[in-house]
Number of protein chains: 2
Amino acid sequence: MKKEEISAWFQSLQDQICKEINLLEGAEVFHEDQWERAGGGGGRSRAISGEMIEKGGVNFSAVHGEMPAKISSALGLEPNQFFATGVSIVLHPKNPMIPIIHMNVRYFETDKGDWWFGGGIDVTPHYVDEKDAIFFHKYLKERCDQYGDHWYPKFKTWADYYFFIKHRNETRGIGGIFFDRVNTKEFGTKEQCFNFVQDIGNSFVPIYKTFAERHRNEPYTEAQQEWQYLRRSRYVEFNLVWDRGTKFGLDTNGRTESILMSMPPMAKWVYDHQVKPDSHEEKTQKLLVKGIDWINYKEA
Amino acid sequence: MKKEEISAWFQSLQDQICKEINLLEGAEVFHEDQWERAGGGGGRSRAISGEMIEKGGVNFSAVHGEMPAKISSALGLEPNQFFATGVSIVLHPKNPMIPIIHMNVRYFETDKGDWWFGGGIDVTPHYVDEKDAIFFHKYLKERCDQYGDHWYPKFKTWADYYFFIKHRNETRGIGGIFFDRVNTKEFGTKEQCFNFVQDIGNSFVPIYKTFAERHRNEPYTEAQQEWQYLRRSRYVEFNLVWDRGTKFGLDTNGRTESILMSMPPMAKWVYDHQVKPDSHEEKTQKLLVKGIDWINYKEA
């Protein structure tokens, strides 16, 4: 399977997701910027500004060139020419009852024969809705189980650890799945790896549509919107302090506006904010922990 | 000179600055939290929520204990017991015509005989006011010049490089001074080093008072407030992505609420925001560069 084929599929995934988001919004909500990378390749960034989705992006890129020595040694690779392609999405909804969603699917190879797929999808509710969380994790488990029933537990745990805000001792949200270096060594043929990544990519629309349709018309108060701004500041903290993809991009002179498309439209910080006992906010905070078994979760 | 004496002076500096801020605000605007560090020592955090200063903090700490091996080797020191004390301030004003200000003065020593002072003061205007910038840099130069006329150029350049948002290719503001590892090797006696740090600490009030009195009653538009929110998001980006003090604190399980007191009350991100030609915003952006000689600057 050629890299061009994988890259073309990612590009078609971007098109399909944007089309579906426009349908959900009932309008064309994307602003496209095509950009080129000095070292080789480029991308197609699509920033969103809609009625339902206040801010976000659906980005495609395919870049190549010489790998900086610092990076090849960090990845345990010999000096090489690399190729990397993928789709990245972050959507910040206006209504705090709709969760923030993130997805990334990517493929990487070198001219020395190394290659792998990576990616993940995770959800950051401002208010945890247990029904949503169960639906989301069951949906992901079904996709993963087609390739062996050990993958969902492995990738779910990986997400719990990856999407963790260490300095707050809380998870970014209700997790999802995270995976990296998926290749034939343990996963099967290259076709199977690619099929898996396609299945995850294709799951974005049905998952987000479910959340959007459930919550887009839900009323909310000003206090709930304030809470949303506080949760968004945690999202900022995770992405700028801990997210390896963001750090890598900013460190290696990536396209800043595309990398920081994940930033929310507006965020607030309040010194030592405390939630009220027995509130929905407190319940949410208690569910921002690693290791919740959403598949067998019993709603209170 | 004993560490207790230095630490006591820092604590008195915190008291004096808080007193002056309360006078400027015409009310008691601080909320104090005393905290202890598991490994030894603790601090006195004072969070501000005022009419003029929307959010900020004036923090004192004096911590000690065993230095993690990772840190001692990064500092080029043998394994040791350390002591560190200092005052840190960040103030986010409500009125966008008042700049954001930051100051830090600190002292560090080990039981192996190493010691040094460090610190800095820098200003981040939402709108650069050249008169303010000239006043600020001249004021700092006068303080530094008492110890030799090579210090201001050295510490000013250090600030230009330190307070730099690499991924935006812009400085955080109009700079100021930044210094580290100030000790007898090049600076003079320990008393002289301490005197210098005291002079910088004592300059905070007259500097901030000047900005506050000049601008606190200046009218501003909603559009100017929007610009303030955008500038604040750059402040967030600098502190969470590049500031070594913040990273060090978050990495070593420092007190998160005290470290992140530097976060603004509210910030906004807009995809690929562009300033209007010949606007005050464009002028500001053009002045966010390294190497401006504010001492000999001629106002346009």
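As shown above, the structure is provided for reference.
Residues numbered from 1 in each chain as written. Chains lettered and ligands numbered in written order. Predicted model: local features only at pLDDT ≥ 70, side-chain atom pairs only at ≥ 80, totals over all residues. Heavy atoms only, no water.

Let us look at the relation of the copies chain B and chain A. Both copies of the chain are related by one operation, a rotation about an axis with a shift along it. With an axial shift of 0.0 Å and an RMSD of 0.0 Å, the rotation relating chain B to chain A amounts to 180°. Such a turn and shift between the copies fits a two-fold axis. Here 100% of the contact residues of chain B are again contact residues in chain A; the copies associate through an equivalent surface. (Least-squares fit on C-alpha atoms with pLDDT ≥ 70 in both. Contact = heavy atoms within 4.5 Å.)

Tallying the contact residues gives 32 residues for chain B and 32 residues for chain A. Buried area between chain B and chain A, both sides added, is near 2,800 Å², and the carbon and sulfur share of it is 58%. Sorting the residues of chain B by area buried against chain A places E257, W269 and Y271 of chain B first, and these three jointly supply 28% of that buried surface. Counting every contact that joins chain B to chain A gives two salt bridges. Taken together, the links from chain B to chain A amount to 15 residue pairs in polar contact (both at pLDDT 80 or more). Taken together, the elements giving at least two residues each to the side of chain B that touches chain A come down to strand 1 (30-36), strand 2 (41-48), helix 7 (222-242), helix 8 (244-251), helix 9 (256-259) and strand 10 (266-268) of chain B. At five residues, the largest contribution of residues to the side of chain B that touches chain A is made by helix 7 of chain B. Its residues assigned to classes, the side of chain B that touches chain A shows 16 nonpolar, five polar and eleven charged. With three bridges connecting them, strand 10 (residues 266-268) of chain A and strand 10 of chain B associate as antiparallel partners. By the bridge assignment, M266 of chain A is partnered in strand 10 of chain B with K268 of chain B. (Buried area = accessible area lost by both parts, 1.4 Å probe. Salt bridge = Lys/Arg side-chain N within 4 Å of Asp/Glu carboxyl O. Polar contact = N/O pair within 3.5 Å; in protein donor to acceptor, adjacent residues only side chain to side chain. Helix = DSSP H or I, 4+ residues; strand = E, 2+ residues; numbered from the N terminus. Nonpolar A, V, L, I, M, F, W, Y, C, P; charged D, E, K, R; others polar. Pairing = 2+ DSSP bridges.)

On to helix 7 (residues 222-242) of chain A. The end-to-end C-alpha distance of helix 7 of chain A, which contains 21 residues, comes to 30 Å, matching closely the 30 Å that a straight helix rising 1.5 Å per residue would cover. Across the 21 residues that make up helix 7 of chain A, a large majority, 18, are buried. (Expected span 1.5 Å × (residues − 1). Buried < 20%, exposed > 50% of the residue type's maximum accessible area, 1.4 Å probe, protein only.)

Moving on, we get to the environment of G40 of chain B. Residue and element names in this part refer to chain B. Mapped onto the elements, G40 comes out in the loop between strand 1 and strand 2. Residues G40 and F117, spaced 77 residues apart in sequence, show a C-alpha to C-alpha distance of 20 Å. Those residues in contact with G40 that lie beyond four places of it in its chain are V63 and H64.

The next point concerns the pairing of strand 2 of chain B. All names here are of chain B. In terms of burial, strand 2 is largely enclosed, as seven of its eight residues are buried. Inspection of the sheet shows strand 1 paired to strand 2 by seven bridges, in the antiparallel sense. Bridging from a neighbouring strand, E36 pairs with G42 of strand 2. Hairpin connection, strand 1 to strand 2: the antiparallel pair is bridged by four residues, and G40 has positive phi, about 135°.

For the rest of this paragraph, the subject is the sheet that holds strand 5 (residues 100-110) of chain B. Residue and element names in this part refer to chain B. Strand order across the open sheet formed by seven strands is 1-2-3-4-5-6-9, with antiparallel pairing between neighbours. Either end of the sheet is taken by a strand with one partner, and the two such strands are strand 1 and strand 9 (176-182). Across the sheet, the mean angle from the axis of one strand to that of its neighbour is 5°, orientation sign disregarded. Of the strands in this sheet, strand 1, strand 2, strand 3 (53-66), strand 4 (81-93), strand 5 and strand 6 (115-124) are in contact with helix 1 (residues 3-25), which crosses strand 3 at around 170°. Here helix 7 sits on the sheet in contact with strand 3, strand 4, strand 5 and strand 6, set at roughly 165° to strand 4. (Axes fitted to C-alpha atoms, helices over the stretch in contact; angles between N-to-C directions.)

Enumeration according to the criterion identifies 58 aromatic pairs over all chains in this entry. Between the aromatic rings of Y107 of chain B and F117 of chain B, the centroid separation amounts to 4.8 Å while the plane-to-plane angle is 45°, which identifies the pairing as tilted. Of this pair, Y107 of chain B sits in strand 5 while F117 of chain B sits in strand 6; the two residues are ten residues apart in sequence, bridging distant segments of the chain. By way of ring pairs, the aromatic residues Y147, W151, F155, W158, Y162, F163, F178, F179, F187, F196 and F238 of chain A are connected into one cluster. Against the face of W116 of chain A rests R181 of chain A, its NZ or CZ located 4.1 Å from the ring centre. Between the NZ or CZ atom of K290 of chain B and the centre of the ring of F164 of chain B, over which it lies, the distance is 3.8 Å. (Phe/Tyr/Trp six-rings, centres within 6.5 Å; stacked < 30°, edge-to-face > 60°. Lys NZ or Arg CZ within 6 Å of the ring centre and 35° of its normal.)

A word on the sheet that holds strand 3 (residues 53-66) of chain A. All names here are of chain A. Taken together, seven strands build an open sheet; the order of strands is 1-2-3-4-5-6-9 and the sheet is antiparallel. The two strands at the open ends of the sheet, each matched to only one other strand, are strand 1 (30-36) and strand 9 (176-182). The mean angle between the axes of side-by-side strands here comes to 5°, regardless of whether they run parallel or antiparallel. In the packing of helix 7 onto the sheet, contacts are made with strand 3, strand 4 (81-93), strand 5 (100-110) and strand 6 (115-124), and the angle to strand 4 comes to roughly 165°.

That's the geometry; what it means functionally is another story.
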